[in-house]
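# Residue-level structure breakdown
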Amino acid sequence: MSLKIGVIGTGMIGQDHIRRITHVLPNCEVTAVSDVARARAEAAAAKTSNAVVHDDAASLIAADNVDAVLIASWGPAHEEAIMPALAAGKPVFCEKPLATTQEACLRIIEAEVATGRRLIQVGFMRRYDAAYKALKATVDSGEIGAPLLFHSVHRNASVPQDLYTSDMAVSDTMVHDIDVSRWLLDDEVARVRVTAAKPNSVGGKLRDPIFAVMEMRGGALATVEVSVNIGYGYDIRGEISAEKGAASLGESNPIIVKSSEKFSGRVPADWRERFIDAYDAEIAEWVVAASRGGSTGPSAWDGYAITAVSDAALKAANTGEAVEVSLIDRPALYDK
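Summarised in this report is the structure supplied together with it. Predicted model only: the values in this text are computed from it and were never measured. (Residues numbered from 1 in each chain as written. Predicted model: local features only at pLDDT ≥ 70, side-chain atom pairs only at ≥ 80, totals over all residues. Heavy atoms only, no water.)

Attention now moves to the overall build of the protein chain. Of regular secondary structure, the protein chain possesses nine helices and 15 strands. For the protein chain, the C-alpha radius of gyration of 20 Å lies close to 20 Å, the compact-globule estimate for 336 residues. With the C-alpha coordinates of the protein chain rotated into their principal frame, the extents come out at 55 × 55 × 45 Å. When each of the 336 residues of the protein chain is scored for burial, the buried share is 52%. (Helix = DSSP H or I, 4+ residues; strand = E, 2+ residues; numbered from the N terminus. Rg over C-alpha atoms; globule rule 2.2 N^0.38 Å. Buried < 20%, exposed > 50% of the residue type's maximum accessible area, 1.4 Å probe, protein only.)

What follows is the structure, given as structure tokens:
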């Protein structure tokens, strides 16, 4: 039986998910789409077998030919799409962020808890990347002992100067590093500090690069370098330093070429190239869970906790001070 998916938001990432569902993954199909720009939704629907274009998220969610909802609209619109989906009991895949404020995240958590089951998966795809999964498995195996430090590097070749702001280095970029830090170290962030380095001259007036230090509740540290105008490509790095050893992400190149007294390998051009397999894997897993009436993977709790850390990191970046991260007690629904 094929899972009938309604897609809300048909911009770049929404279109990529539609392609993935239509041409890559089994047992699922796009049956409905909506977007604030109807022409864009119509163009996306034309690339599917029989998707119906809806004028708004509410009518799409209520449609009989929609079993589950994939939300790829802009962040401020997420809550208004998630709430009716929860009320309808339909599984949701929501691209990050879960919502743009902690208050909105908590309203979503309250509504999901009231249903008595997990219905939301949030799109933090690094957990589905083969290298990150191997790093997590190594940590969990105990082979290198208890993790003490996690070093994360997030480098973009460039960002659009007219659209990208200094705050987005945290709220849009570093959130992935926050997620994998919590996941790899299996802990919540207690406090965070953010320091700006000497500005990259090609970044205009952006605060770029930045360096963050997150103190985890259990005492481990996670450090994050975010550079968004590095020039040479999209470079993601990570290393765990533990009590009895260390483990790091491998390069994505299948080979290293040596010639003319040099060695080299290719650096991915952008996030789509680097994580395309991870995107496939996360949606594939969600389709299986949604077909059974639920969701898996990063939860609404993760979305809320990451938003809380992001807010604290933005405050730390703007004040130069260490900022505490305060979370509510985690509802039992999200216990492992």
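Further remarks concern the environment of methionine 168. Along the chain, the position of methionine 168 falls in helix α7 (residues 168–185). On the basis of relative accessibility, which here comes to 24%, the residue methionine 168 falls in the partly exposed class. Not counting residues within four places of it along the chain, the set of residues in contact with methionine 168 comprises Leu163 and Thr173. (Contact = heavy atoms within 4.5 Å.)

Here strand β6 (residues 120–123) shows no split at all, with Ile120 and Val122 on one side and Gln121 and Gly123 on the other all buried. Pairing of strand β5 (residues 92–95) with β6, which is carried by four bridges, proceeds in the parallel orientation. In the strand pairing of β6, valine 92 is matched with isoleucine 120. Taken together, β5, helix α5 (residues 102–115) and β6 constitute a β-α-β crossover, and its handedness is right-handed. (Pairing = 2+ DSSP bridges. Right-handed = clockwise from strand over helix to strand, strands pointing away.)

Attention now moves to the environment of aspartate 35. In this structure, aspartate 35 sits in the loop between β2 (28–34) and α2 (38–45). A relative accessible area of 11% means that aspartate 35 is categorised as buried. As a C-alpha pair, aspartate 35 and tyrosine 232 span 197 residues in sequence and 34 Å in three-dimensional space. Within the structure, the side chain of aspartate 35 is placed 2.7 Å from the side chain of arginine 40, a separation counted as a polar contact. (Polar contact = N/O pair within 3.5 Å; in protein donor to acceptor, adjacent residues only side chain to side chain.)

Turning next to the sheet that holds strand β12 (residues 246–248). With respect to topology, seven strands assemble into an open sheet ordered β12-β11-β7-β10-β9-β8-β15, the strand pairing being mixed. Each having just a single partner strand, β12 and β15 (323–324) make up the two edges of the open sheet. Bridge analysis of strand β8 (residues 189–196) against strand β9 (residues 210–216) gives seven bridges, and the strand direction is antiparallel. Bridge assignment links arginine 191 to a residue of β9, and that residue is glutamate 215. Contacts from helix α6 (residues 130–141) reach β7 (147–155), β11 (235–242) and β12 within the one sheet, and its direction differs from that of β11 by about 5 degrees. Across the sheet, α7 lies against β7, β8, β9, β10 (221–227) and β11, angled at about 150 degrees from β7, the strand it touches most. (Axes fitted to C-alpha atoms, helices over the stretch in contact; angles between N-to-C directions.)

Enumeration according to the criterion identifies 26 salt bridges in this entry. The salt bridge involving aspartate 302 is made with arginine 127; its shortest N-O contact spans 3.5 Å. Residue aspartate 302 is located in helix α9 (residues 300–319), and its partner arginine 127 is located in the loop between β6 and α6; the two are separated by 175 residues in the primary sequence. One exposure class covers both aspartate 302 and arginine 127, and it is buried. The closest approach of N and O atoms between arginine 155 and glutamate 225, which form a salt bridge, is 2.9 Å. Remark: glutamate 225 occurs in strand β10 and arginine 155 occurs in strand β7; sequence separation between them is 70 residues. Taken individually, arginine 155 and glutamate 225 each receive the classification buried, so the pair is uniform in this respect. (Salt bridge = Lys/Arg side-chain N within 4 Å of Asp/Glu carboxyl O.)

What follows deals with the layout of surface pockets. As a volume, the largest pocket reaches approximately 1300 Å³. Taken together, 42 residues make up the lining of the largest pocket; nearest its centre are Met12, Lys96, Met168, Asp172 and Trp271. Going through the elements one at a time, α1 (12–23), α7, α8 (271–291) and α9 are the ones with two or more residues in the lining of the largest pocket. The dominant element in the lining of the largest pocket, judged by the number of residues it contributes, is α7, at six residues. Broken down by class, the residue content of the lining of the largest pocket amounts to 22 nonpolar, 14 polar and six charged. Each pocket or cavity is described by its volume, and for the second largest pocket that value is around 460 Å³. As for the second largest pocket, its lining consists of 19 residues, and the residues nearest its centre are Arg127, Trp183, Asp186, Asp302 and Lys336. Those elements that provide at least two residues to the lining of the second largest pocket are α7 and α9. (1 Å grid on protein atoms, 1.4 Å probe; cavity = no way out; pocket = protein on both sides within 12 Å on 5 of 7 lines; lining within 4 Å. Points joined across faces, edges and corners; volume = space filled by probe spheres on them. Nonpolar A, V, L, I, M, F, W, Y, C, P; charged D, E, K, R; others polar.)

The end-to-end C-alpha separation of α9 is 29 Å, in line with the 28 Å expected for 20 residues at 1.5 Å each. Burial analysis of α9 places 16 of its 20 residues in the buried class, the great majority of the element. Two residues or fewer after α9 comes glycine 320, characterised by a positive phi angle close to 80 degrees. (Expected span 1.5 Å × (residues − 1).)

Where α7 contacts α9, the axes come no closer than 9 Å and their chain directions differ by 120 degrees. When the interaxial angle is binned, α7 and α9 end up oblique. With respect to the hand of their crossing, α7 and α9 are arranged in right-handed fashion. Each of Val170, Ser171, Met174, Val175, Ile178, Asp179 and Arg182 in α7 lies in contact with α9, whose residues at this interface are Trp301, Asp302, Ala305, Ile306, Val309, Ser310, Ala313 and Leu314. Of the residues assigned to the contact of α7 with α9, the class counts are 10 nonpolar, two polar and three charged. (Parallel < 35°, antiparallel > 145°, perpendicular 65-115°, else oblique. Left-handed = near helix turned anticlockwise from the far one by under 90°.)

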